[in-house]
Structures are given as structure tokens and as C-alpha cells.
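Structural characterization, general
Each chain, written out:
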Amino acid sequence: TMMLDVTGSMCSPCSKLEDLKVAAKDLIDIVVLDDQGSNVAKVALVPFSEDILLPASALDAARGTGLPQSKTVTYWRNGELRSRTYWRSDCVVERTGSEKYTDAAPGAGDYVMAHYTQSSTGSGSDRKGVCSIPSTAEVVPLTDDKASLKATIDGFSAGGWTAGHLGTAWSFYTLSPDWGSLWSSDSQPQPYGTENLKKIAILMTDGEFNTQYDANGISTRDRGAGAAANADSATQARALCNSMKAQDITVYTVGFELGGESSESYQTLYQCATDPGKFYNAEDGEQLKQAFRDIALKLSSLYLSK
């Protein structure tokens, strides 16, 4: 699985997003052979910004059904009680409860939350919230269809804040057999411990994880939001990485212009990686492409040697 950052900072300048597209497609070409034979590799894509956009066929299984179309919250501002209405979007955010950092199957008490936004489109029963992530950045479950994977990457555009824990969570879920019911049979992950099978997550971002959600699925960046339902985004991401590694998922991390070692984003990716040799900090587009190529060649050598 490749977690790919399509937040607004990836278009500052936009050459960063174009560099990412080249790097990700290069990895696919190396890892997914045209004639795979007995050495089969599949890739999933998890683009993220403030929320996650799932295929429509997976949405209800992930977030549950019977959710209210809107939520109205009240808050104080300048000594005055005000209210705001938020509308349910077709995107999802984090989940709460005891399984929030595991890959336990979605279900009652363990669904991910719908993203409720103040911005909306439509009217009446068709009114809905607006996803932050671009409509072209839908999650792609495991597949060896190179053309489809690369077409999705080519369609990426940048926008929104950085909820890196969401990308981390869905990297986990797309590799987890307990989430297999969301996908078609060809995309369902095999059980952990399957002979000669390796599960690998590649987590890429260019900035600080700065967005998390309240218990209503509203970004805490919004003035009307309540307190964060869970920890901050970086802390959640690290907990999810620990859970992935506990399931013997190999985690590579790739930073893009993160800054120095003291930055939180640097430390989050460094700690998320399975070991220091699987952490990359690219300082420019060429180094980003080289990092993805280096990972791809390691993975290709891994399965060709089996």
C-alpha cells in the first residue's frame, strides 16, 4: 500500500505533486511485473488530505448506515451563543473506541466516522457536505492493474490540510484481512502469516500532521468543533504504525522536505518506519524519485528471491 500526500502543501509549488506522481508510477512499474508468473505483487493507493474518499461500494461498510444527514452544534463566541450546521459528506475520518488504533473489522462501535462539513452542496434530502480531498483521489484497493493505478495517480490534484493518521489507518486497513469485506474478491488481503506473503506499507508526506476530529466527525480546526475525540494526528499515526508493525507489516516512510530532525513530522515518520534503514527524507524532487525507486528495487529483489 502507498499512502500518498495530496494536501495543499503539495502544490506549494505544484512541482512537488508532479514529482510524487512520477515517483509513485515508477515504483508500480518496477514492482508489478507485466508477466508476474508465480511472483505476484499487488498495490493499493491511499491518497489523503483532511479526509479519505472511498469507493461508493465500500462506504456504508466502513462508516455504517442510518447516520444523520446533518448535525447542529452550538458554541460561544465573544460572549454570544451561536450555532452551526454541519452536513454529512461522502468522505470518512478517524474512528473512536477501544479499537481505534487496530485493524479490527468495522462494525457497531468500531466504524470510522463520517466527515461532517459546514460547506455543502445540493438541497433538501440531497444536501450533503463537501469532501476536502479531491474527487479524483479515491482509495484504490489492492490490484495488479497498472494502467488503473497510474491513471488514478495522474488524476491527483492538491488541496486541504494534513490528517496523516487517516492515510496511515487506511494503509493498514487495505492490507488487513479483517477489512476484506469492503473490497471485491480480487482485492481482498490474504490472512496474516500466509506462506511466502509479505505485506508492506509505504507512508509518504511532506508536512506536519495537523488535523484531527471531534466526536461528531468535525475537524477541530473549525470554530464550532468540540474537543478532539482522540489524540492529535501525529500521536494517532504513531500508534497505528505500532499496530501495523505488530502484525508483521513492513513499514517504509518517505518524507518530502520535512525539515530537520527536531520537526514533529520527521520524528513521526522516523518512528513509524520498521527500522532506520526504511526511513527516507527527500530534500527535493529528484531525491523523492530516488527514494521510491530504492524501495521498489528492494521489494522487487525480495519477492524475486523467494
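See the structure above.
So, a few notes on the structure that sits alongside this text. Quick caveat: nothing in here was measured; it's all calculated off a predicted structure. (Residues numbered from 1 in each chain as written. Predicted model: local features only at pLDDT ≥ 70, side-chain atom pairs only at ≥ 80, totals over all residues. Heavy atoms only, no water.)

**Side note on helix α5 (residues 233-246)**
Given 3.6 residues to a turn, an α-helix orients residues that are three or four positions apart in the same direction. Put simply, the rule is: Helix numbers and strand numbers start at the N terminus; a helix is a DSSP run of H or I with at least 4 residues, a strand a run of E with at least 2. Expected helix span is given by 1.5 Å per residue-to-residue step, counting one fewer step than there are residues. Working definition: with a 1.4 Å probe on protein chains only, accessible area under 20% of the residue-type maximum means buried, over 50% means exposed, and in between means partly exposed. Here a polar contact means two N or O atoms within 3.5 Å. Within protein one must be a hydrogen donor candidate and the other an acceptor candidate, and residues neighboring in sequence count only if both atoms are side-chain atoms.
Compared with the 20 Å implied by 1.5 Å per residue over 14 residues, the 20 Å span of α5 between its first and last C-alpha is a close match. Taken residue by residue, α5 has S233, A234, Q236, A237, L240, C241, S243 and M244 as its buried positions. Two or three places before A234, at the opening of α5, D232 has a side-chain oxygen 3.2 Å from that residue's backbone nitrogen. At the exit of α5 stands D248, carrying a positive phi of roughly 65 degrees.

**Some remarks on unusual backbone geometry**
The linkage connecting S12 with the following residue, P13, adopts the cis geometry, with an omega of 5 degrees. For P13, the location among the structural elements is in the loop between β1 (2-5) and α1 (15-31). Residues other than glycine seldom take positive phi values, yet N78 does so here, at roughly 55 degrees. Inspection of the secondary structure puts N78 in the loop between β4 (70-77) and β5 (80-92). Take N78: its relative accessible area is 70%, and that puts it in the exposed class.

**Side note on the pattern of salt bridges**
Defined as follows: Any Lys or Arg side-chain nitrogen located within 4 Å of an Asp or Glu carboxyl oxygen qualifies as a salt bridge.
Evaluated as defined, the whole model comprises 15 salt bridges. Across the pair K16 and D206 runs a salt bridge, and its minimum N-O distance is 2.7 Å. With a gap of 190 residues between them, K16 in helix α1 and D206 in the loop between β10 (200-205) and α5 connect regions that are remote in the sequence. Of the two residues examined, K16 and D206, each falls in the buried class. Among the salt bridges present, the one from D26 reaches R293, with a minimum N-O distance of 3.1 Å. Here D26, found in helix α1, pairs with R293, found in helix α7 (residues 285-304); they are 267 residues apart in sequence, far enough to count as distant. Accessibility expressed as a relative area gives 34% for R293, which makes it partly exposed. A single salt-bridge network, built from bridges that share partners, covers D29, D34, K146 and K150.

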